[in-house]
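# Structural features, examined
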Protein chains: 2
Amino acid sequence: MRIPWLILALCVSFPALADEGMWTFDEFPAAALARAYGTSVDQAWLDHVRLSTLRLTNCTAAFVSGDGLILTNHHCIESCLAELSYKDANLLDRGFAAAGRTNEPRCATQLADVLVGTENVTARVAKALRGLDDRAANDRRKALLTELEGACERAGAKAKFGTVKCQAVTLNGGRYVIYRYQRYPDVRLVFAPESRIAEFGGDPDNFQFPRWSLDFALLRAYDKGRPAQTPNHFQIDFRGPQIGQVVFVAGNPGLTQRWQTHAELEFERDLALPTALLRLAELRGRFIQFGDDTVGDQGLVEAPLNTLENTLKVRRKLLDALHDDIMLERKRTEEHRLRELMPADSIDPWGEIEAACRRESELYLPALLIEGAVGFNSVLFRYARLLVRSADERLKPDADRLHEYTESSLPRVEQLLAARVPVNAGVETLTLSFSLSRLREWLGPDDPTVRKLLMKDSPDSLATRLVAESTLNDPAVRMQLWRGGKRAVDASLDPMIMLARALDGAARALRRQLEDEVEAPIAAASERIAVTRLKAYGSAVYPDANFTLRLNYGKVEGWTENGAAVDAFTYLGRAFERANGMEPFQIPDSWLKVKDSLDLDTPFCLSTNNDIVGGNSGSPLIDAAGHLVGLTFDGNIHSIAGVYWFDASKNRAVALHPAIIREALDKVYGAKTLLEELNGS
Amino acid sequence: MRIPWLILALCVSFPALADEGMWTFDEFPAAALARAYGTSVDQAWLDHVRLSTLRLTNCTAAFVSGDGLILTNHHCIESCLAELSYKDANLLDRGFAAAGRTNEPRCATQLADVLVGTENVTARVAKALRGLDDRAANDRRKALLTELEGACERAGAKAKFGTVKCQAVTLNGGRYVIYRYQRYPDVRLVFAPESRIAEFGGDPDNFQFPRWSLDFALLRAYDKGRPAQTPNHFQIDFRGPQIGQVVFVAGNPGLTQRWQTHAELEFERDLALPTALLRLAELRGRFIQFGDDTVGDQGLVEAPLNTLENTLKVRRKLLDALHDDIMLERKRTEEHRLRELMPADSIDPWGEIEAACRRESELYLPALLIEGAVGFNSVLFRYARLLVRSADERLKPDADRLHEYTESSLPRVEQLLAARVPVNAGVETLTLSFSLSRLREWLGPDDPTVRKLLMKDSPDSLATRLVAESTLNDPAVRMQLWRGGKRAVDASLDPMIMLARALDGAARALRRQLEDEVEAPIAAASERIAVTRLKAYGSAVYPDANFTLRLNYGKVEGWTENGAAVDAFTYLGRAFERANGMEPFQIPDSWLKVKDSLDLDTPFCLSTNNDIVGGNSGSPLIDAAGHLVGLTFDGNIHSIAGVYWFDASKNRAVALHPAIIREALDKVYGAKTLLEELNGS
């Protein structure tokens, strides 16, 4: 890791000595690891870890047996539990344990991807874009990457089994890589504890440590209707790691903005985050009151409310982070200094990004509400949008399509449309009415779209009618429209379809404006900045996270909070002391019944200094031997600012200790067969 | 208005040429007005305006007849309408017209104050504080001002009739003035239109212009049970003003922070505003859903929801304003330059304020939630706090008491406790449960206060029990405890009283910390800054608004929004076109029935460039002849940033035109007697 000394001294936010870094497997800094910890990992170790780690729709997971058994977080499969619940069996409340392999129910919208190969296509992209202006380059880049994804999938069709999916990945402006995944589209539910213990502490404890949340669940990947054979999987070491021990996190960190410019962060601080916070806080109030007011309705909003409260807490802390004027000022200073490394006569890319952000501020609310559909927060509307858009896009050549409707993406669209996911009319009306109110509030009652929609309606009356009259809740209706294509969709009188159709022109126009006037100049300028940064720092810089596979190393350790030491481990006994019998500090009966037989000294959770963010949920915590020694499910409160910068003194990842998983499966749930499978016997 | 040229050139935010300024009547810049507009006002004009203008509990109002008739905004008396409503007669929905003077019902918690005299006591304060350190000075200042208030009231008792109230007013650090008011504690409801027309456009139109909200209502001041005789009152000129005409606004602007330091504004931006916004947005969601879910409950939350949505919109725009880095940077530059005018060896007052703000950030959440009682949002808890605190405070010498329990303040406390205000258990449980959740979220489940409260409870279960078991909803119970004093309160087993008692030690300790570690150093530093500022600018600087009487001049004018001219007047006809039959764009039947008889060209609202903020609601718009030519009820969206700085190009006040008041009273409501009274006949 050769870093020009002069630059290092100038660049205050440079990741120097901390165990920071979300590294791609291609460029993992094994030498730096060896120097820091005397631990070495070889290519076989890296391959084994990569092939045993999975990407779910919003999380990470790991294979933990040769029969496709998958370990992930309970909170990662909440929506599956909600989908599989019915009137008298709320699986969130009750938990779930499949009665043998023939009774593992499918999670209709879940899937699992394993990264099996990568191909760097940076040079091909550069060649294709030569001489084009920003907008043309932006369009051409997208078209080319779609072509390369398609070519990769066609080549991959020769693979031995399963589905090959290819994804063009942009690594911090300037590096383009095609990622090839083996996809498991058939994922089934094996085991989940009751949410009371899985989410013990609820929102108050979320992003807190010490912690006692049994946040794990088990799924299984299926292949042609039978458990997938997965020779690459982690052996669990139920003893867990020691304090100070080197540990790795493999996973899919969702999004960091560590290399974004001052202007981009100001846009977040001034517009994107406050807008989101206000919206989410109010929706939270509506969900909670809805659950309170109507007997039996609490369960209906539990899963969306948990997701929402998590997002709310994250964004609140992100806003706090961006109010740190000193950090923002450092970023500006760093930019000034990088600029000095550029040719004197070159265009100022930071200035170009600043101008693009100003334009984005103008487009933001209409684009968010109409193209982003935040003004139409409704499952049925999302179906309608998918049907209306796919009908048009499927008629175009692949490279000309919106990215989410390319040939490579259509199977996922079809899976979403076909899935039988219960929609509750009350919740649906709530979210739609709420979002229509925001549409009116934020665009104003005299905006043309708002006026047209609410000419003779209030947000409430319109939402109620749309939800009552749409038939898109029925998968058969959706599949009929999907198969019928443009002719069927154009002929449909379903009010949601009609709404999506009526909005589509305005929505597409907003998207085009964003692409041409914001995305294109930022992409071009970011590439120029990336080139300069590469000159200055070499490959010692890891790319921003973008929900693709990364590896990080660190160690088991606590930290110091307000002068007091926070221990790196928690133990089962304290959970019982902490329970007050009321949500969200309630321990389920299954545990209370067997309390006397439990070892109260069982380690429950642990903290490590690994560099993680949202998306890493469900990531295996791995030791140098390649064994799974924990299940990452959260970070501490300081980890949230990790989206923008890594504070080595306080940023901690939080993992479930494997010993508590064994204690639970063995003594509470009597899941002997599963334990045997986990033990490899 | 002599301004040292050099300073003017340096000080970018100095109020130079605009019609900016919330002037005290003592220092109204009549000469500047004459120069700018060729209009002069004399002392008699100023006295007439001052004595005809009223301060209500949260608003401004004006006498408009010799028999104590008061004109103010409908939104200023919403809580009175809610209090006077009962099951089958929602006065917000229905409106109200008293059937003659003997049937005007009392607004139990309303009162009206007229400013009758002022005494500058700055020199006395300075003398008394000489040689004291910041904390001792802060305590001594408060005690002295309490003494001076008491002395003023005792002297005022010789006044001919009514109640004399005295208030020590601090004018931007360094100036202390005793304001003497004539108080009318008996204020009754005379007339209010239906809220559908009074608040036409609702929250979407709030702070917007063009506008069509008939936001007026009439009250009457009573004295010894009979209409008060008010020789000082405004004659209404129903023709209203012309475009470009000079107009004045007299009223009580609530709060500006134009002279606060960079550090104080950063505290607002980073902590106070985001905290408030998140809380209010979520509570808004709960109120709306509560109203939706329970048939007939919408009316229960209408008044608090309107207030909340207004506050939410204001704070959102205040946050936007503080995200203007250029304005904040200017403030810092200005501070650097003012500092250069200070003696080289003097303490840096801006640095002291910055340190105090850092301390305030640490204390903010516990102080807000526990001492500020934001964690106990409940009418019944407020009663309990008043009873517990007053029982202790009444035993102390006057000058040692908390300010809200001095002899001068006690009659108001008694009025609040005695008032028969309906409390709905559902709403009360909602707000209390909600605020307990915030208490737990923001202090954390392991905070000692939170742990004690929620040891065996959830926020919901605790709130439900407290509201169900407390008897403080009964005015007789409250008055018994009030009269029984400390012995009775200490012996009470009412759970709200017990809660308030249990919290009082921690709450008072937090208040003491805030006073000693934040308020005292800021008061001392602000005085030092004020002295420097006075040297630099002379009396050309008006003090920050603090809900005391001010006078501003300006003119009738529109503005330019995104390149389009906004006309200064709106007309009745457009309101009918805009109505869509759904809340909040619904015109009541009383208007639809007589639509044909109405003059659709009647002016409805107008915009002026007067410098106003919240608290100015209900302010008379006055012409140079001293006639009332409008009723200020709002500002445009740009006026909200007026809390921090005045943007002459866009900041506009919004007033109701007197012609629409006459049209409504005459043709819609047939209120001939009232119109005669208003016409002075």
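So, a few notes on the structure that sits alongside this text. From a predicted model like this one, the values you see are computed outputs, not experimental measurements. (Residues numbered from 1 in each chain as written. Chains lettered and ligands numbered in written order. Predicted model: local features only at pLDDT ≥ 70, side-chain atom pairs only at ≥ 80, totals over all residues. Heavy atoms only, no water.)

The subject of this paragraph is the state of the cysteines. According to the stated counting rule, one finds 6 disulfides over all chains in the structure shown. A disulfide bridge connects C80 of chain A with C107 of chain A, and the sulfur atoms are separated by 2.1 Å. Since a negative S-S torsion denotes a left-handed disulfide, the C80 of chain A-C107 of chain A link at about -75° is left-handed. Within this pair, whereas C80 of chain A is found in helix α4 (residues 78-84), its partner C107 of chain A is found in the loop between β4 (96-97) and β5 (112-120), the two being separated by 27 residues in sequence. For C107 of chain A, a relative accessible area of 1% gives the class buried. Through a disulfide, C59 of chain B is tied to C76 of chain B; the S-S separation comes to 2.1 Å. Where C59 of chain B bonds to C76 of chain B through sulfur, the torsion about that S-S bond is close to -85°, and the disulfide is left-handed. Of the two residues, C59 of chain B is situated in the loop between β1 (53-55) and β2 (60-63) and C76 of chain B in the loop between β3 (69-72) and α4 (78-84); the sequence distance between them amounts to 17 residues. Taken individually, C59 of chain B and C76 of chain B each receive the classification buried, so the pair is uniform in this respect. Of note for chain A: the bonded cysteines, numbered N- to C-terminal, pair according to 1-2, 3-4, 5-6. (Disulfide = S-S within 2.5 Å. Helix = DSSP H or I, 4+ residues; strand = E, 2+ residues; numbered from the N terminus. Buried < 20%, exposed > 50% of the residue type's maximum accessible area, 1.4 Å probe, protein only.)

Once that is clear, we can look at the pairing of strand β2 (residues 60-63) of chain A. Where a strand is regular, its side chains alternate between the two sheet faces. Residue and element names in this part refer to chain A. With burial as the criterion, each face of β2 is covered, one bearing T60 and A62 and the other bearing A61 and F63. As defined by bridge partners, strand β1 (residues 53-55) adjoins β2 across 3 bridges and the pair is classed as antiparallel. Bridge pairing links L54 to A61 in β2. From the end of β1 to the start of β2, which pair antiparallel, there are 4 residues. Bridge count for β2 against strand β3 (residues 69-72) is 2 bridges, and the pairing is antiparallel. Looking across to β3, one finds that A62 is bridged to L71. (Pairing = 2+ DSSP bridges.)

Further remarks concern unusual backbone geometry. Residue and element names in this part refer to chain A. Of note, the bond from F209 into P210 is cis; its omega dihedral lies within 30 degrees of zero at 5°. Tracing the backbone shows P210 in the loop between α9 (202-205) and β9 (217-223). Backbone geometry at A373 places phi at a positive 65°, although glycine is not the residue there. As for its placement among the helices and strands, A373 is situated in the loop between α13 (349-371) and α14 (379-393).

Next up on the list: the interface of chain B and chain A. Interface size is commonly expressed as the accessible area that is lost once the parts come together. Each partner contributes residues to the interface: chain B has 50 residues there, and chain A has 50 residues. Note that D446 of chain A is salt-bridged to R578 of chain B, the shortest N-O span being 2.9 Å. Viewed at the interface, chain A and chain B are joined by 17 residue pairs in polar contact (both at pLDDT 80 or more). For the side of chain B that touches chain A, the element with the most residues is helix α10 (residues 262-293) of chain B, which contributes 18 residues. Partitioning the side of chain B that touches chain A into residue classes produces 18 nonpolar, 8 polar and 24 charged. (Contact = heavy atoms within 4.5 Å. Salt bridge = Lys/Arg side-chain N within 4 Å of Asp/Glu carboxyl O. Polar contact = N/O pair within 3.5 Å; in protein donor to acceptor, adjacent residues only side chain to side chain. Nonpolar A, V, L, I, M, F, W, Y, C, P; charged D, E, K, R; others polar.)

Residue and element names in this part refer to chain B. For N138, the position within the fold is in helix α7 (residues 134-156). The class for N138 is buried, based on a relative accessible area of 3%. A distance of 3.2 Å separates a polar atom in the side chain of N138 from a polar atom in the side chain of R141. Separated by 3.0 Å, the side chains of N138 and E519 make a polar contact. Excluding its chain neighbours within four sequence positions, the residues that come into contact with N138 are E515, E519, A520 and A523.

Residues and elements named next belong to chain B. Among the secondary structure elements, S390 is positioned in helix α14 (residues 379-393). Polar contacts involving the side chain of S390 include one to the main-chain carbonyl oxygen of L387, which spans 3.3 Å. With residues up to four places along the chain from it excluded, the contact list for S390 reads Y405 and W482.

Moving on, we come to the pattern of salt bridges. All told, the structure shown has 126 salt bridges over all chains when counted by the stated rule. Between K165 of chain A and E153 of chain A there is a salt bridge, and its shortest N-O distance comes to 3.2 Å. A residue pair is termed long-range when its members are at least 10 positions apart, and K165 of chain A in strand β6 (residues 163-171) and E153 of chain A in helix α7 (residues 134-156) qualify at 12 residues. Residue E153 of chain A is classed as buried on the basis of its relative accessible area of 16%. Two residues, E371 of chain B and R389 of chain B, come together in a salt bridge whose shortest N-O distance is 2.7 Å.

Residue and element names in this part refer to chain A. Here helix α19 (residues 475-491) spans only 18 Å end to end across 17 residues, well under the 24 Å set by a 1.5 Å rise per residue. Along its length, α19 reaches its greatest deviation from straightness, about 130°, at G485. Turning to α19, its buried residues are P475, R478, M479, L481, W482, G485 and V489. If you follow the buried residues of α19, they end up packed against α14, α15 (410-418) and α20 (495-537). The distance from a side-chain oxygen at the start of α19 to the backbone nitrogen of A476 is 2.8 Å, and the residue carrying that oxygen is D474. (Expected span 1.5 Å × (residues − 1). Bend = angle between axes of the 7 residues up to and from the residue.)

It is worth spelling out the sheet that holds strand β19 (residues 653-656) of chain B at this point. Residues and elements named next belong to chain B. With respect to topology, 7 strands assemble into an open sheet ordered β12-β11-β17-β18-β19-β16-β15, the strand pairing being antiparallel. Among the strands making up the open sheet, the edge pair consists of β12 (550-555) and β15 (569-571). The mean angle between the axes of side-by-side strands here comes to 30°, regardless of whether they run parallel or antiparallel. Of the pairings in the sheet, the one linking strand β11 (residues 246-251) to β12 comprises 6 bridges and is antiparallel in character. If you follow F248 over to β12, its bridge partner there is Y553. Packing of helix α2 (residues 30-37) onto the sheet brings it into contact with β11 and β12, and relative to β12 it is tilted by some 5°. (Axes fitted to C-alpha atoms, helices over the stretch in contact; angles between N-to-C directions.)

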